[in-house]
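# A structural walkthrough
In case you want the letters, here they are:
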Amino acid sequence: QLFSPVRNVPSPQASSYNCNYNYAQGMQGQSLLGCSPPRFSSSQIGAFNSSHKGKGLSPLHRVFNSPNNQYMQHVENLSLPAIEEFLEDYQGYSSSKESSDIASSSECFDLSSQIPPMLDGLTMPNSSRYHDDETSVHGAAAGSRSSQISQESDMYHQMGSMASASLSQALQQERYHEKQQKQQQENLMLPIPIGIEQEQDNGLQLVHLLLACAEAVAKEEYMVARRYLHHLNRVVTPLGDSMQRVAACFTDSLSARLNATLTPKPSKLTPPSPSNSLEVLKIYQIVYQACPYIKFAHFTANQAIFEAFETEDRVHVIDLDILQGYQWPAFMQALAARPSGAPFLRITGVGPTLDGVRETGRCLTELAHSLRIPFEFHAVGEQLEDLKPNMLNRRVGEALAVNAVNRLHRVPGSHLGNLLSMIRDQAPNVVTLVEQEASHNGPYFLGRFLEALHYYSAIFDSLDATFPTESAQRAKVEQYIFAPEIRNIVACEGAARFERHERLEKWRKIMEGKGFKGVALSPNAVTQSKILLGLYSCEGYRLTEDKGCLLLGWQDRAIVAASAWRC
């Protein structure tokens, strides 16, 4: 997932944390980026702005903002019965005769092994250990695919009309269809320029096919769904435009869900994994450098913790998902730059394997020594649902912060309440919570599908504005990071479905229900987020404030939400 852990990967050596973070030298106790107070008016932080001064709108964003695209305009409040209105023009699909060559849909990706979740990597100046130069993917051009979508559209409408026509009319239309098909095959030999309007139409065709297939799956009309998948697999490609790429991920996920219905006890669905741990780190480093989502999560959380510790001499951070510890070098550098001197710092790192957490602690200990920060590390190798109060190693007389970056949504609902109660009982000065701003935990499959399609469409759109179409790095990011997330949301159920993201409003109710009170993120947090976004060449990223919380999004869709809490 977007900020999820790279598990069972050796932590980098302490040298990779590189202590010479120039931006922190002039910190003066104001913010982690060494920023002066904000120079922005509150109106500049308001609702998401849809203007885009960077790269032109990608095909995907144009699809979702097309004036003809009414079904996504109210997706947030969409109820299951409403899907009938969206697809009533496409009901003819299921009544057309099944082609003899229709079989189980082919997989867009060979998702056969487990990918470790997202690396919480933090890259500072001169820290380029995992930098990977841009290369190119030699793949088929997407132009012919787009024209093929248009041809498929004509075929679908003809088949739909045949379902309600008389026999003679059907035969007449069938002969006409064969003639048209022959003419279309001849036209395939000619290059056809694709304009913006045609690109929108092609994208809408894909979206309608995906929704029709998802509706058939929700109704357990599996043969109908397989017909849609057959057509989808002919027109999508993971190396096409943004719409085709995201459609390829959802097509693959729908196929996996259907395949799971064929076996009484389907095996656990596992996404692909690069061949070695260094390659994993490189892929996540690409995301970290190219997109601001992870940096925003780290710096916003760190700023809230830093301010809560401002006058404290002994401080303790409990990181509920320590991973490789990449969130903390900048924070430790900031503590070392305090005018009053660095406090005594303890970090309790929680992770699934004790050895991995200990290795992270060893690296952070070496870094603290080089920064001359009094430091102690405590390792906990447990799942969050198995945590006990004594494992947190709380001590009297120290300020406490609890950090949860994109981790709580994975805690089973039956255990989340007890975990939050235990955290509250520790009386922390601040709890930092960062989560993906999406509702992927609804009770109905079709609602989750629509929400995920809208959410990941925005992410793929941001990738399109960042990477060239032929980028090998972009293909890796999409295949090894986002495709597994989509697959888990769409194809899995029960305990196997762990990507259960919730929106900020839901987290607000959960936290308040357990006795926490919101802490407004400071102007310094807003300032550094603004500066962070200014480091990226494309201007589609948007920052908004919601009752003291900060949300980072792409165009008009929020992607990440950061909040702070206290007892």
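Residues numbered from 1 in each chain as written. Predicted model: local features only at pLDDT ≥ 70, side-chain atom pairs only at ≥ 80, totals over all residues. Heavy atoms only, no water.

By the naming in an unreviewed UniProt entry, the chain is DELLA protein GAI1, taken from Cajanus cajan. UniProt, in its Sequence similarities (unreviewed entry) section for the chain, records the words "Belongs to the GRAS family." Recorded in UniProt for the chain, the comment headed Subcellular location (unreviewed entry) runs: "Nucleus". (UniProt positions renumbered as here; feature names shortened; annotations may be inferred.)

## Overview of the packing of aromatic side chains
The way to describe two aromatic rings as a pair is by their centre distance and the angle between their planes. Using the criterion set out here, one finds nine aromatic pairs in the structure. With 5.3 Å between their ring centres and 75 degrees between their planes, F250 and F449 make a pair best called edge-to-face. Here F250 is found in helix 9 (residues 242-260), whereas its partner F449 is found in helix 15 (residues 445-466), with 199 residues between them in sequence. By the burial criterion, F250 is buried, and F449 matches it. Where F445 meets F449, the ring centres are 6.0 Å apart and the plane angle is 50 degrees; that geometry is what we call tilted. One end of the pair, F445, and the other, F449, are both in helix 15, four residues apart, so they sit about a helical turn from each other. Classification of F449 by relative accessible area gives buried; the value is 1%. (Phe/Tyr/Trp six-rings, centres within 6.5 Å; stacked < 30°, edge-to-face > 60°. Helix = DSSP H or I, 4+ residues; strand = E, 2+ residues; numbered from the N terminus. Buried < 20%, exposed > 50% of the residue type's maximum accessible area, 1.4 Å probe, protein only.)

## Observations concerning the environment of Y326
Looking at the element boundaries, Y326 is found in the loop between strand 1 (314-319) and helix 12 (328-336). We classify Y326 as buried; its relative accessible area is 5%. Through-space distance from the C-alpha of Y326 to that of T360 is 9.0 Å; in sequence the pair is 34 residues apart.

## Points about the packing of helix 9 against helix 15
It is the contact of helix 9 with helix 15, at a shortest axis distance of 9 Å, that shows an interaxial angle of 145 degrees. Judged by the sense of rotation from one axis to the other, the crossing of helix 9 with helix 15 is right-handed. The residues of helix 15 that touch helix 9, namely those facing S242, R245, V246, C249, F250, L254 and R257, are F445, R448, F449, A452, L453, Y456, S457, F460 and D464. When its residues are assigned to classes, the contact of helix 9 with helix 15 shows 10 nonpolar, two polar and four charged. (Axes fitted to C-alpha atoms, helices over the stretch in contact; angles between N-to-C directions. Left-handed = near helix turned anticlockwise from the far one by under 90°. Contact = heavy atoms within 4.5 Å. Nonpolar A, V, L, I, M, F, W, Y, C, P; charged D, E, K, R; others polar.)

## Digging into the environment of K517
Residue placement: K517 occurs in strand 6 (residues 517-519). Sequence spacing of K517 and V431 is 86 residues, and the spatial spacing of their C-alpha atoms is 9.9 Å. Ignoring any residue separated from it by four or fewer positions in sequence, one finds K517 in contact with A564, W565 and R566.

## A closer look at helix 15
Residues lying three or four places apart along an α-helix face the same way, a consequence of the helix completing one turn every 3.6 residues. Here helix 15 is 22 residues long and its end C-alpha atoms lie 31 Å apart, about the 32 Å a rise of 1.5 Å per residue gives. Judged by how many residues are buried, helix 15 sits mostly within the fold: 20 of 22 residues are covered. (Expected span 1.5 Å × (residues − 1).)

## Considering the nonpolar core
By size, the foremost hydrophobic cluster in this structure holds 104 residues, and its most contacted members are F250, L254, M332, L345, F449 and Y456. Counting residues per element, this core draws most heavily on helix 15, at 13 residues. Here this core spans two domains, since at least three of its residues come from each of domain 1 (198-270 + 440-498) and domain 2 (292-437 + 501-566). Not counting the four nearest positions on each side in its chain, L345 is found in contact with V315, V317, F331, M332, L335, I373, P374, F375 and E376. Core analysis: the second largest hydrophobic core is formed by 23 residues, I318, L384, L416 and W565 among them. (Core = buried A, V, L, I, M, F, W, Y, C linked by side-chain atoms within 4.5 Å. Domains from an automatic or database assignment.)

## As for the packing of helix 8 (residues 222-235) against helix 9
Packing of helix 8 against helix 9 brings their axes to within 10 Å, and their N-to-C directions diverge by 145 degrees. Our pair here, helix 8 against helix 9, has a crossing hand that is left-handed. For the pair helix 8 and helix 9, contact is made by Y222, A225, R226, L229, L232, N233 and V235 and by Q244, T251, L254, S255, L258 and N259, respectively. Class assignment for the residues of the contact of helix 8 with helix 9 results in seven nonpolar, five polar and one charged.

## Considering the pattern of salt bridges
Tallied over the entire structure, the rule returns 22 salt bridges. Here K219 and E215 are joined by a salt bridge, their closest N and O atoms 3.3 Å apart. By relative accessible area, which is 41% here, K219 ends up partly exposed. The exposure class assigned to E215 is buried, which follows from its relative accessible area of 6%. Across the salt bridge formed by E505 and R508, the nearest N and O atoms sit 2.9 Å from each other. In this pair, E505 and R508 both sit in helix 17 (residues 504-513), three residues apart, roughly one turn of the helix. Look at E505 and you get partly exposed, because its relative accessible area is 38%. Connected through salt bridges with shared partners, the residues R245, D464, R474 and E478 form a single ionic network. (Salt bridge = Lys/Arg side-chain N within 4 Å of Asp/Glu carboxyl O.)

## Observations regarding helix 8
If you check helix 8, its first and last C-alpha atoms are 20 Å apart, about what 14 residues at 1.5 Å a residue would give, namely 20 Å. Of all the 14 residues making up helix 8, 11 are buried; the element is thus mostly covered by neighbouring parts of the structure. V224, A225, R226, R227, Y228, L229, H230, H231, L232, N233 and V235 are the residues of helix 8 that are buried.

## Brief notes about unusual backbone geometry
If a residue is not glycine, its phi is most likely negative; likewise, a peptide bond is most likely trans. Here the phi dihedral of N393 falls at roughly 60 degrees; this positive angle occurs in a residue that is not glycine. Within the fold, N393 resides in the loop between strand 3 (375-381) and strand 4 (399-405). With a phi close to 55 degrees, K547 is a non-glycine residue in the positive phi region. Of the residues examined, K547 reaches a relative accessible area of 66% and is grouped as exposed.

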